[in-house]
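# Remarks on the overall topology
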Amino acid sequence: MTGAPGKITKRCVTCGRFRAYDDADGFCLVCGNASLESACGCGREFDYALDEPGDLHCPRCGKRLRGRASEFED
């Protein structure tokens, strides 16, 4: 896994950002919604996605994982 030791990569379903979180974290750091998921619906964890920009696809099932929503861009 890329990121800090003891952290897991989670994706916010609302704003689409991938970040390293503690396992117990449930709220998005950027938008504050309680919509974090740690794996795709097929079970593939998001460890591959942390350092990748833009829209991605799950390497296991091909599901499109949206990138950052434009209203949350820097």
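The structure displayed is predicted, hence computed values, not measured ones.

### Overview of the environment of A49
Summarising the element assignment, A49 is placed in the loop between β3 (36–37) and β4 (56–57). Sequence separation of A49 and L65 is 16 residues, and the distance between their C-alpha atoms is 9.6 Å. Ignoring anything within four residues of it in the chain, the contact list for A49 reads F18 and L56.

### Some details on the nonpolar core
With 7 residues, the main nonpolar core is built from F18, C40, F46, A49, L56, C58 and L65. Residues in contact with L65, not counting those within four places in the same chain, are R11, F18, F46, Y48, D55, L56, H57 and C58. Within the second largest apolar cluster, 5 residues are counted, among which are C12, C15, Y21 and C28.

### Let's talk about the side chain of K10
Position of K10 among the secondary structure elements: in strand β1 (residues 8–12). Look at K10: it is buried, it has no salt bridge, and the nearest opposite charge is D23 at 4.7 Å. Among the polar contacts listed, one links the side chain of K10 to the backbone oxygen of D25, at a separation of 2.6 Å. When residues no more than four places from it in sequence are discounted, the contact partners of K10 are R17, F18, R19, Y21, D22, D23, A24, D25, L36, E37 and S38.

### Regarding the confidence of the model for the protein chain
Put simply, the protein chain has an average pLDDT of 85, and 81% of its residues get 70 or more. Between the elements of the protein chain, mean pLDDT differs from a low of 86, seen in strand β5 (residues 64–65), to a high of 96, seen in β3.

Rules behind the numbers
- Residues numbered from 1 in each chain as written.
- Predicted model: local features only at pLDDT ≥ 70, side-chain atom pairs only at ≥ 80, totals over all residues.
- Heavy atoms only, no water.
- Helix = DSSP H or I, 4+ residues; strand = E, 2+ residues; numbered from the N terminus.
- Contact = heavy atoms within 4.5 Å.
- Core = buried A, V, L, I, M, F, W, Y, C linked by side-chain atoms within 4.5 Å.
- Buried < 20%, exposed > 50% of the residue type's maximum accessible area, 1.4 Å probe, protein only.
- Lys, Arg positive; Asp, Glu negative; His and termini not counted.
- Salt bridge = Lys/Arg side-chain N within 4 Å of Asp/Glu carboxyl O.
- Polar contact = N/O pair within 3.5 Å; in protein donor to acceptor, adjacent residues only side chain to side chain.
- pLDDT = per-residue confidence, 0-100.

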